[in-house]
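One letter stands for each residue in the lines below.
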Amino acid sequence: MSGWKRQRHPDDVPTPVAVALADFCRRARAPASPALVREALSVLGPTDDAAVRRLTDAEPAATPLGPFAVVEVVRGTAPKVAAERQAAGQYELARLALEDAEAPDDAPLAKPTRTSAPPATRAPAGAAANEKRPRRGRATMNDRIAPRKRVAGGDAPRPRPHQPLPGTAFLPKRKLPAPRGRFTRVDSSRSTYEALLKADAKEALTTIVGQSATRFHVFRALEPGYLGRAGKPLSVADVEGALTRHQLFQGLKTRERDGVLTALATARGSAPLAAKELGRRPGEVDSLVNELSLSRQAGEIRERFAREALDPANLPLRLQLLFRERYLADLKIERRFSDALTRDVTKLLDDCAEAAKTVPELVAMAAKKHALVEELLARAVERLGLARRYLR
């Protein structure tokens, strides 16, 4: 395909224009890599950037439209025609034609001219074998790593952007392992873990510990500004080591113990609700309970609220807890709670079954007699499957 020539270098394409075209191609169901987008925009001049922005700000008129298809639309081609060419793979030929136009042609070989000189005498076969052929000089390591010499006043050649294979823009990048040893990358904006162990860091840590309820809150306050051991991300174990170094961990443990027990009591024995009260994840609360040796106290709190949920005298509360399945699962009493409530509600309805003719009338009479919310009792009867028992 002819007519594809660069008007500028791909690196000279404005970044906002390239980003807008990449997003437009994604919406037009033909995603492309940033290098391929800049390659296509290099065909257009700077005066065409405004036309590209006007086209990319609107919704695609046809699909699919890749970066080279958009270039043709800007030049005046109809969007449907460009979409058909994109589907047929013609723009891959345009990309190859652009690369061929950029590559320098090889110099043609000169044809030998006939002269009147006498023909050369043929050497014997042994002489050709004994003749030493010139050896090509091999570049040494010093030649390879030596700085390139540039001519004064000349333009430095720009490296060409890496061109991915066509049709592979949707493939994810490989997850390579993090550099190790002397190649480890350290964020210069963060302090090292050793800085937390110095004596001058104790004052700042004391202030953070005084404002934090748990060690996880201390970790969340330190994580944006510090790295862990060997340049790795900061961890909770690193924070615990720094607090132990400055003798601040015992006081924090005492406050954690009181805070965890208070949160469990406020959440009525539910660990997920206690985690929400503390602003942490449920697994972190469980780890705190094990770390602080609070398994017995936490079990007592859970058992107290489990007995309250199973107490026949708390029937109004139990009707509300029937629809809190997650809370019952946290207390591990789902089966016992369902069986006990079914038994108590059945006994309550049997007392009024003779005077009622329909199930709604029976529920209304039982709710009025025992001072219960009629709607809650009706929902409980339906949830427990007791309505068939009293059908007339």
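Rules used in this analysis
Residues numbered from 1 in each chain as written. Predicted model: local features only at pLDDT ≥ 70, side-chain atom pairs only at ≥ 80, totals over all residues. Heavy atoms only, no water. Phe/Tyr/Trp six-rings, centres within 6.5 Å; stacked < 30°, edge-to-face > 60°. Helix = DSSP H or I, 4+ residues; strand = E, 2+ residues; numbered from the N terminus. Buried < 20%, exposed > 50% of the residue type's maximum accessible area, 1.4 Å probe, protein only. Lys NZ or Arg CZ within 6 Å of the ring centre and 35° of its normal. Axes fitted to C-alpha atoms, helices over the stretch in contact; angles between N-to-C directions. Parallel < 35°, antiparallel > 145°, perpendicular 65-115°, else oblique. Left-handed = near helix turned anticlockwise from the far one by under 90°. Contact = heavy atoms within 4.5 Å. Nonpolar A, V, L, I, M, F, W, Y, C, P; charged D, E, K, R; others polar. Lys, Arg positive; Asp, Glu negative; His and termini not counted. Salt bridge = Lys/Arg side-chain N within 4 Å of Asp/Glu carboxyl O. Core = buried A, V, L, I, M, F, W, Y, C linked by side-chain atoms within 4.5 Å.

Engineer: Quick question: what am I supposed to make of the packing of aromatic side chains here?
Structural biologist: The way to describe two aromatic rings as a pair is by their centre distance and the angle between their planes. Applying the stated criterion across every chain yields a total of one aromatic pair. Between Trp4 and Phe68 the ring centres are 5.6 Å apart and the planes differ by 70°, which places this aromatic pair in the edge-to-face class. In this pair, Trp4 sits in the segment before α1 (15-27) while Phe68 sits in helix α4 (residues 67-75), placing the two residues 64 residues apart along the sequence. Assessed through its relative accessible area of 3%, Trp4 is described here as buried. Here the basic side chain of Arg75 rests over the ring of Trp4, its NZ or CZ set 5.0 Å away from the ring centre. The ring centre of Phe323 lies 4.1 Å from the NZ or CZ of Arg379, which sits over that ring.

Engineer: Hey, could you run me through the packing of α1 against helix α2 (residues 34-41) in this one?
Structural biologist: Each pair of packed helices can be described by the angle between their axes along with the distance between the axes. For the pair α1 and α2, interaxial distance at closest approach is 10 Å and the crossing angle is 110°. In terms of their interaxial angle, α1 and α2 are classed as roughly perpendicular. Regarding α1 and α2, the two cross each other, and that crossing is right-handed. Residues Thr15, Val17, Ala18, Leu21 and Ala22 of α1 pack against Val37, Arg38 and Leu41 of α2. Residues belonging to the contact of α1 with α2 are distributed by class as follows: six nonpolar, one polar and one charged.

Engineer: Explain the side chain of Arg38 to me, please; I cannot follow it from the model alone.
Structural biologist: Along the chain, the position of Arg38 falls in helix α2. Buried charge Arg38 goes without a salt bridge, the closest partner of opposite sign being Asp11 at 5.4 Å. Not counting the four nearest positions on each side in its chain, Arg38 is found in contact with Pro10, Asp11, Val13, Thr15 and Ala18.

Engineer: What's the story with unusual backbone geometry in this structure? I'm lost.
Structural biologist: Trans peptide bonds make up most of the peptide bonds, and negative phi angles are found at most residues other than glycine. Of the consecutive residues Thr63 and Pro64, the connecting peptide bond is found in the cis state with omega at -5°. Inspection of the secondary structure assignment puts Pro64 in the loop between α3 (49-57) and α4. Unlike most non-glycine residues, Lys332 shows phi in positive territory, near 65°. Structurally, the position occupied by Lys332 is in the loop between α18 (325-331) and α19 (334-350). Phi is positive for Ala371, close to 55°, though the residue is something other than glycine. The residue Ala371 is located in the loop between α20 (359-369) and α21 (374-384) in this model. Among the residues examined, Ala371 registers a relative accessible area of 67% and is labelled exposed.

Engineer: Could you clarify how one ought to interpret the nonpolar core in this entry?
Structural biologist: Generally speaking, a soluble globular protein has its nonpolar side chains buried in company with each other. The biggest cluster of nonpolar side chains holds 47 residues, and the ones touching the most others in it are Leu319, Leu341, Val345 and Leu349. If we skip the residues at most four places from it in the chain, Leu319 touches Leu341, Val345, Leu372, Leu376, Leu377 and Ala380. By size, the runner-up hydrophobic cluster in this structure holds 28 residues, among which are Val13, Leu41, Val52 and Leu98.

Engineer: Is there a simple way to think about the environment of Ala69 in this case?
Structural biologist: Secondary-structure assignment places Ala69 in helix α4. Residues contacting Ala69, with those up to four places away along its chain left out, are Ala82, Gln86 and Tyr91.

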